[in-house]
Amino acid sequence: MSKELKILYVEDDKENREGLIELLSGDIINGYEISMDGEESFIGCAKKVNNYHIVILDLFEGKAGAGGNPSGLTTLEEIRKSIFIPIIFYSGNTTKVNNLKSQVIGVATKGEGVENLKSEIERLTQHNLPYLRENIHKHIENEFRKYFWDVIQKENNKFKPEDNDYSLGYLLLRNIGNSLSKENIANVLEDASINQDKVHPMEFYIYPIISREFENGDIVQDNNSGEVFVILTPSCDFVERFDGGGKSLGRKAENVLLAQAALLCDRDELKNYLDTKSKSNKNKLAELVTSKNDRYFFLPGTPFIRNRVVDFQNKKVIKYESLKSDFTIIAKLDNPFAQSMTASFIRYYNRIGFPDIDVEYVLNKL
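Throughout, residues of each chain are indexed from 1 in the direction in which the sequence is written. Totals for whole chains, interfaces and linings use all residues, but because this is a predicted model, local features are given only for residues with pLDDT of at least 70 and pairs of side-chain atoms are given and counted only at 80 or more. Side-chain figures throughout are based on the complete set of non-hydrogen atoms in the structure, without hydrogens or water.

A. Main features of the sheet that holds strand S12 (residues 255-263). Strand pairing is defined by DSSP finding a minimum of two bridges between the two strands. Each helix is a run of DSSP H or I of at least 4 residues and each strand a run of E of at least 2, with the numbering of both proceeding from the N terminus. Read from one edge of the open sheet, seven strands run S7-S15-S8-S9-S12-S14-S13, paired in antiparallel fashion. Since the sheet does not close on itself, it has two edges, and those belong to strand S7 (205-206) and strand S13 (296-299), each with one partner. In this structure, S12 lies alongside strand S14 (residues 308-319), joined through eight bridges in antiparallel fashion. When the bridges of S14 are listed, Val 256 appears paired with Ile 318. Contacts are residue-level and defined by heavy atoms, with any inter-residue pair within 4.5 Å sufficient. Helix axes use the C-alpha atoms of the stretch in contact, all axes being lines fitted to C-alpha atoms, and the angles between their N-to-C directions lie in the range 0 to 180 degrees. Across the sheet, helix H10 (residues 337-350) is in contact with strand S9 (228-231), S12, S13, S14 and strand S15 (327-333); its angle to S14 comes to roughly 80 degrees.

Written as structure tokens, this is what we have:
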């Protein structure tokens, strides 16, 4: 049985609105059965989208064209202020919104036929995006229920009614954060392709980074050269210290240690493998990607960072003031990956060479 995909179509022209609803209702797109409702007015419709998976927006109120009123853009801004839901602009003139097309906004031109609109619906449902909000709500509600009934109430000998020295809300939120295991993430995303035994690239990073002090594991980009580095200096060295009178004593990190993160596509290991596809070259590339050698640490590619390799031999020291003024944080390595990178760096530079013993001499003396 197909899963229902509920769509709200905002269109002030009655004939166009009812015609599209009749055409698409009951249709199957990407395995989902379309269920459509119509809305005539652009004003206030943002309050009605909560029960839908996708909103199809006409762009112009009245006739499309240079002199028309692009009320669809105003509606988009209203929706953005209150809720997330995938949007598809569907208009005879899409010039004003073509630049908005993304992984969460679709654009389809009426003159190109309804198949163009269907393609956008299919694209936005490829990775279960329309159901993400609904599934997250279900997950949080379930964790909320289990926490208060199965823990707080069940263990009322620990959480006594007369005690007020703890925050149930804080404990609940910590519990919800910990509940997002890889298995539960796969359930929320409804993505059976997620390998429970392997690390997904997105697990490596925290993104985006809200403006804050620098930390160990931050991935930063030189605003001038475009080069990318990882911060190796411990996070505690960036903390500003104060004396008893509140006067700043500065930071320990007057100088900051960086390791370059070069593009994987520039590495010989990848070039040699692509040239020959030999098993030996594949093994060398795999060793690099899995960070088997402590000299290197692999950063897997995502939409915000390309595949890169940190080389602990390519280091440089810069002043803290230069880091603050000339570098931008791209993302941060999450734990345990930041810890693993730091451990690899320490192992690489703390290794002690051991000279080869003269085996022949020893064996001849036996």
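That shown, we press on.
B. Expanded view of the nonpolar core. Judged by nonpolar contacts, the single largest core of 22 residues is most densely connected at Tyr 205, Ile 219, Phe 297, Leu 299, Val 310, Phe 312 and Leu 333. Of all the elements in the fold, those that place two or more residues in this core are S9, S12, S13, S14, S15 and H10. Considering each element in turn, this core owes the most residues, five residues, to H10. Dropping the residues within four chain positions of it, Val 310 is found in contact with Val 230, Ala 259, Gln 260, Ala 261, Arg 295, Tyr 296, Phe 297 and Leu 299. We call a set of buried residues a nonpolar core when its members are Ala, Val, Leu, Ile, Met, Phe, Trp, Tyr or Cys and they connect through side-chain atoms within 4.5 Å of each other. A simple rule labels every residue: compare its accessible area, found with a 1.4 Å probe on the protein chains alone, to the largest value its type can have, and call it buried under 20%, exposed over 50%, or partly exposed in between.

C. View of the packing of aromatic side chains. Note on aromatic contacts: the rings of Phe and Tyr and the six-membered ring of Trp form a pair at centre separations within 6.5 Å, being stacked when their planes are under 30 degrees apart, edge-to-face when over 60 apart, and tilted otherwise. In this structure the tally under the stated criterion is 13 aromatic pairs. Note on Phe 229 and Phe 327: the rings are 6.2 Å apart at their centroids and 70 degrees apart in plane angle, and the pair reads as edge-to-face. Highlighted residues: Phe 229 in strand S9 and Phe 327 in strand S15, separated in sequence by 98 residues. With relative accessibility at 4%, the residue Phe 229 sits in the buried group.

D. Representation of unusual backbone geometry. Cis geometry is found at the peptide bond from Tyr 207 to Pro 208, where omega equals 0 degrees. For Pro 208, the location among the structural elements is in the loop between S7 and strand S8 (218-222). Going from Asn 335 to Pro 336, the amide bond is cis rather than trans, its omega being 10 degrees. With respect to the helices and strands, the residue Pro 336 is situated in the loop between S15 and H10. In this structure, Asn 128 takes a positive phi of about 65 degrees despite not being glycine.

E. Representation of the side chain of Ser 179 within the structure. Relative to the elements of secondary structure, Ser 179 occurs in helix H5 (residues 168-179). Residue classification places Ser 179 among the buried positions, given a relative accessible area of 9%. What Ser 179 contacts, discounting residues up to four positions off in sequence, is His 139, Glu 143 and Asn 184.

F. Layout of the sheet that holds strand S3 (residues 32-39). The mixed open sheet is built from six strands, whose spatial order is S2-S3-S1-S4-S5-S6. Strands at the two margins of the open sheet, each flanked by one partner only, are strand S2 (28-29) and strand S6 (105-109). Where helix H3 (residues 114-125) meets the sheet, its contacts fall on strand S1 (3-10), S2, S3, strand S4 (54-57), strand S5 (87-91) and S6, and the angle it forms with S6 comes to roughly 170 degrees.

G. Broad picture of the side chain of Asn 281. Relative to the assigned elements, Asn 281 resides in helix H8 (residues 279-289). Polar side-chain contacts of Asn 281 include one of 3.2 Å to the side chain of Ser 278. In this structure, Asn 281 is in contact with Glu 269, Asn 272, Tyr 273 and Thr 276, ignoring residues within four places of it in sequence. We call two N or O atoms a polar contact when they sit within 3.5 Å, provided that within protein one can donate a hydrogen and the other can accept it, with sequence-adjacent residues counted only if both atoms are side-chain atoms.

H. Local environment of a negative patch on the surface. Each patch is built from residues lacking any salt bridge and having more than 30% relative accessible area; the joining distance is 9 Å for like charges and 5 Å for nonpolar side chains (Val, Leu, Ile, Met, Phe, Trp, Tyr). Accessible surface is estimated by sampling points in the Shrake-Rupley manner with a 1.4 Å probe; for residues, cover comes only from the protein chains shown. Here, a salt bridge means any Lys or Arg side-chain nitrogen found within 4 Å of an Asp or Glu carboxyl oxygen. Think of it this way: Lys and Arg go in the positive column, Asp and Glu in the negative one, and His and the chain ends go nowhere. In plain terms, the charge of a residue is placed at NZ if it is Lys, CZ if Arg, CG if Asp and CD if Glu. A surface patch of like charges, here negative, comprises Asp 13, Glu 15, Glu 18 and Glu 22. Along the chain, Glu 15 turns up in helix H1 (residues 14-24).

I. Structural detail: the environment of Asn 69. Within the fold, Asn 69 resides in the loop between S4 and helix H2 (71-82). Asn 69 gets classed as partly exposed once you look at its relative accessible area, which sits at 41%. For the pair Asn 69 and Lys 198, spaced 129 residues apart in sequence, the C-alpha separation works out to 51 Å.

J. Focus on the packing of H1 against H3. Relative orientation of the contacting elements H1 and H3 amounts to 65 degrees, with a least axis distance of 12 Å. Relative to H3, the crossing made by H1 is right-handed. For the pair H1 and H3, the contacting residues are Leu 20, Leu 23 and Leu 24 in the first and Val 114, Leu 117, Lys 118 and Ile 121 in the second. Left-handed describes a crossing in which the near helix is turned anticlockwise from the far one by less than a right angle; the clockwise case is right-handed.

K. Geometry of the packing of helix H4 (residues 129-153) against helix H6 (residues 182-189). Following both chains from N to C, one finds H4 and H6 inclined at 135 degrees, their axes separated by 8 Å at the closest point. Put simply, H4 runs oblique to H6. Residues Leu 132, Asn 135, Ile 136 and His 139 of H4 lie in contact with H6, whose contacting residues are Asn 184, Val 188 and Leu 189. Each residue receives one of three labels: charged for Asp, Glu, Lys and Arg, nonpolar for Ala, Val, Leu, Ile, Met, Phe, Trp, Tyr, Cys and Pro, and polar for the others, Gly being one of them. Its residues assigned to classes, the contact of H4 with H6 comprises four nonpolar, three polar and no charged. What sets the label is the angle itself: under 35 degrees gives roughly parallel, over 145 gives roughly antiparallel, 65 to 115 gives roughly perpendicular, and the rest give oblique.

L. A look at the pattern of salt bridges. All chains considered together, the criterion is met by 21 salt bridges. Ionic pairing is found between Glu 134 and Lys 138, a salt bridge with its closest N-O pair at 3.7 Å. Separated by four residues within a single helix, Glu 134 and Lys 138 lie in helix H4, roughly one turn from each other. Lys 138 gets classed as exposed once you look at its relative accessible area, which sits at 52%. Ionic pairing is found between Arg 212 and Glu 215, a salt bridge with its closest N-O pair at 3.9 Å. The exposure class of Glu 215 is partly exposed, given its relative accessible area of 27%.

These results come straight from atomic positions and should not be treated as a statement about function.
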